[in-house]
Amino acid sequence: MPLIKLYFSPALLLLVLFCPLWQVSQSLPVLSNGPMTDSCVSSARTLLLNITDTLAQNNLFSGIDCTKQSVELNMETNTASVCAPKESRCSGTLTSEFNQDSCLTNIGEDLRHYYKFLAAQPDPQRVLAQSVLLSLKELMNCFAWSLPSDVASDLAAAGRPSSFEERLTLCKVLKGFQVRTITINRAIAYMHSGEHTK
């Protein structure tokens with residue numbers, strides 16, 4: 001009997017010591033393998049809404065019917081194809097895998113491209129600065145992406161009036177950014193859902 005007590009006491013002591021640690025480790029949340037939070041999804045949605053609202057403002061595109069203009073997309077990235085969900089047939093080919101890092105890299109390059117372009121546009125009434133650029137910054141901060149470093153000199157030119165060609169280009173590029181932001185919203189929602197990890 002005394003031999004059992006000797007073995008039982010150290011076992012009981014170990015159980016008492018390690019049980020609380022086990023419970024603490026079990027109560028920690030499991031982190032997803034991506035930075036998709038509700039705030040990222042919300043920031044992407046806000047950006048899309050702000051772009052859509054900005055496209056509807058006639059004073060930004062005076063003399064131009066922006067709804068009848070073509071779309072200019074950033075063709076330096078592959079966001080649409082790289083961010084296609086796995087097992088999708090959107091582009092006519094079956095996507096077998098989804099690479100979150102590649103998708104986020106392309107999204108980041110798109111956002112930097114459009115930020116640099118929009119920050120350089122004449123914006124005397126600060127329509128772009130107070131809506132699209134602000135929500136674009138918010139989305140970029142969500143992913144800890146840095147703003148383009150050469151934007152400061154472009155911001156100085158934003159206070160001057162715009163020419164017809166600048167307004168026309170802004171309209172086309174902003175429409176392209178709207179299309180790309182729809183893709184970005186879908187990709188972020190897909191990553192947020194966790195479907196890409198299944």
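About the cut-offs
Residues numbered from 1 in each chain as written. Predicted model: local features only at pLDDT ≥ 70, side-chain atom pairs only at ≥ 80, totals over all residues. Heavy atoms only, no water. Patch = residues over 30% accessible without salt bridge, like charges linked within 9 Å, V, L, I, M, F, W, Y side chains within 5 Å. Areas by Shrake-Rupley, 256 points an atom, 1.4 Å probe, with all protein chains shown as cover. Salt bridge = Lys/Arg side-chain N within 4 Å of Asp/Glu carboxyl O. Helix = DSSP H or I, 4+ residues; strand = E, 2+ residues; numbered from the N terminus. Axes fitted to C-alpha atoms, helices over the stretch in contact; angles between N-to-C directions. Parallel < 35°, antiparallel > 145°, perpendicular 65-115°, else oblique. Left-handed = near helix turned anticlockwise from the far one by under 90°. Contact = heavy atoms within 4.5 Å. Nonpolar A, V, L, I, M, F, W, Y, C, P; charged D, E, K, R; others polar. Expected span 1.5 Å × (residues − 1). Buried < 20%, exposed > 50% of the residue type's maximum accessible area, 1.4 Å probe, protein only. Polar contact = N/O pair within 3.5 Å; in protein donor to acceptor, adjacent residues only side chain to side chain. Core = buried A, V, L, I, M, F, W, Y, C linked by side-chain atoms within 4.5 Å. Phe/Tyr/Trp six-rings, centres within 6.5 Å; stacked < 30°, edge-to-face > 60°. pLDDT = per-residue confidence, 0-100.

Further remarks concern a nonpolar patch on the surface. A cluster of nonpolar residues, Val71, Leu73, Met75 and Val179, forms a patch on the protein surface that exposes about 350 Å² of accessible area. When you line up the elements, Leu73 lands in the loop between α2 (38-55) and α3 (79-82).

Before going further, it helps to spend a moment on the packing of α2 against helix α6 (residues 132-142). One way to put it is that α2 packs onto α6 with a least axis distance of 9 Å and a crossing angle of 160°. Judged by the inter-axis angle, α2 sits roughly antiparallel to α6. The two elements α2 and α6 meet at a crossing, and its hand is left-handed. Residue-level inspection shows Ser39, Cys40, Ser43, Ala44, Thr46, Leu47, Asn50, Ile51 and Thr54 of α2 in contact with α6, the latter providing Val132, Ser135, Leu136, Glu138, Leu139 and Cys142. Broken down by class, the residue content of the contact of α2 with α6 amounts to eight nonpolar, six polar and one charged.

Where helix α4 (residues 100-119) meets α6, the closest approach of the two axes is 11 Å, and the angle between their N-to-C directions is 155°. The orientation of α4 with respect to α6, classified from their angle, is roughly antiparallel. As α4 runs across α6, the sense of the crossing is left-handed. Together, Leu111, Arg112, Tyr114, Tyr115, Leu118 and Ala119 of α4 and Val132, Leu133, Leu136, Lys137, Leu139 and Met140 of α6 make up the contact between the two elements. Residue classes in the contact of α4 with α6 are distributed as ten nonpolar, no polar and two charged.

So, on to α4. Its 20 residues give α4 an end-to-end C-alpha distance of 28 Å, which sits within 8% of 28 Å, the value for a rise of 1.5 Å per residue. All of the buried residues along α4 are Gln100, Cys103, Leu104, Asn106, Ile107, Gly108, Asp110, Leu111, Tyr114, Tyr115, Leu118 and Ala119. At the N-terminal end of α4, a side-chain oxygen is found 3.1 Å from the backbone nitrogen of Asp101, two or three residues along, and the residue is Asn99.

Counting 41 residues, the largest nonpolar core has Phe61, Ile107, Leu111 and Phe177 as its most contacted members. For this core, the elements supplying multiple residues, two or more each, are α2, α4, α5 (127-130), α6 and α8 (164-193). Counting residues per element, this core draws most heavily on α8, at eleven residues. Excluding its chain neighbours within four sequence positions, the residues that come into contact with Phe177 are Leu47, Ile51, Leu111, Tyr114, Leu118, Val132 and Leu136.

Here we come to the packing of aromatic side chains. One pair of aromatic rings is described through two measures. These are the centre distance and the angle between the planes. Counted according to the given criterion, the structure contains two aromatic pairs. With centroids separated by 5.0 Å and ring planes inclined at 80°, the aromatic side chains of Phe98 and Tyr190 adopt a geometry described as edge-to-face. One end of the pair, Phe98, is in the loop between α3 and α4; the other, Tyr190, is in helix α8, with 92 residues separating them in the sequence. The same class applies to Phe98 as to Tyr190, namely buried. Look at Tyr114 and Phe177: their rings are 4.3 Å apart centre to centre, the planes differ by 20°, and that puts the pair in the stacked class.

Per-residue confidence for the chain averages 80 on the pLDDT scale, and 73% of its residues sit at or above 70. The spread of mean pLDDT over the elements of the chain runs between helix α1 (residues 2-27), the lowest at 40, and α2, the highest at 96. Segment residues 3-33 is flagged for pLDDT under 50; beyond a separation of four residues in sequence, or across chains, it makes four contacts in the model.

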